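A closer look at the structure
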Amino acid sequence: SIDIMFSSQVAEVPLNIPTKCLEAVRADKTDSRFIVGTCALHEPNDLTVMRFHSEINEVGIDGRLDHPSGPVGTLSTHPTDKYLLLSAAEENPT
């Protein structure tokens, strides 16, 4: 699961799969969104789009994108376009 701390409160959402990468969507000036990349060796991997809802102190999942090339090794969001990101699979996951 991913824990995101704000002040003295914690917002948590279980993803039920190992994760390695977390990247803020800095170009999104309206919502607090994050992309989480999974790194499972024997399961399908994905990019999970998450949003922090500050008014109720909750993290929710907005969607999941398949990552068929394997475990997410690196992840980067575009600095000015909230719809673009770059991800790469680990070369030799062990």
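Residues numbered from 1 in each chain as written. Predicted model: local features only at pLDDT ≥ 70, side-chain atom pairs only at ≥ 80, totals over all residues. Heavy atoms only, no water.

All right, on to the pattern of salt bridges then. A full pass over the atoms with the stated rule returns eight salt bridges. The partner of Arg33 in a salt bridge is Asp28, with the nearest N and O atoms 2.9 Å apart. The class for Asp28 is buried, based on a relative accessible area of 7%. In the salt-bridge network here, residues are joined through shared partners; they are Asp28, Asp31, Arg33, Arg51 and Asp62. (Salt bridge = Lys/Arg side-chain N within 4 Å of Asp/Glu carboxyl O. Buried < 20%, exposed > 50% of the residue type's maximum accessible area, 1.4 Å probe, protein only.)

This brings us to the nonpolar core. Counting residues in hydrophobic clusters, the biggest one holds nine residues: Val13, Leu15, Ile17, Phe34, Val36, Ala40, Met50, Phe52 and Val59. Among the elements of the structure, β4 (32-38) and β5 (46-53) are those that each provide at least two residues to this core. Apart from residues no more than four positions distant in its own chain, Ile17 is found in contact with Thr38, Ala40, Glu43 and Pro44. Counting residues in hydrophobic clusters, the runner-up holds seven residues, among them Cys21, Val25, Ile35 and Leu75. (Core = buried A, V, L, I, M, F, W, Y, C linked by side-chain atoms within 4.5 Å. Helix = DSSP H or I, 4+ residues; strand = E, 2+ residues; numbered from the N terminus. Contact = heavy atoms within 4.5 Å.)

Locating His53 in the fold gives a position in strand β5. Put simply, His53 and Arg33 are 20 residues apart on the chain and 9.3 Å apart in space, counted from C-alpha to C-alpha. The residues touching His53, leaving out its near neighbours within four places in the chain, are Glu58 and Gly60.

Moving on to unusual backbone geometry. The backbone of Asn16 sits at a positive phi, close to 60 degrees, despite the residue not being glycine. By the element assignment, Asn16 lies in the loop between β2 (9-13) and β3 (19-24).

Paired through their backbone hydrogen bonds, the strands of a sheet run either parallel or antiparallel. Across the sheet, which stays open at both edges, the four strands sit in the order β3-β4-β5-β6 with antiparallel pairing between neighbours. The outermost strands of the open sheet, each flanked by one partner alone, are β3 and β6 (58-66). Taken over all neighbouring pairs, the strand axes of this sheet differ in orientation by 25 degrees on average, direction set aside. Here β3 pairs with β4 via five bridges, running antiparallel. (Pairing = 2+ DSSP bridges. Axes fitted to C-alpha atoms, helices over the stretch in contact; angles between N-to-C directions.)

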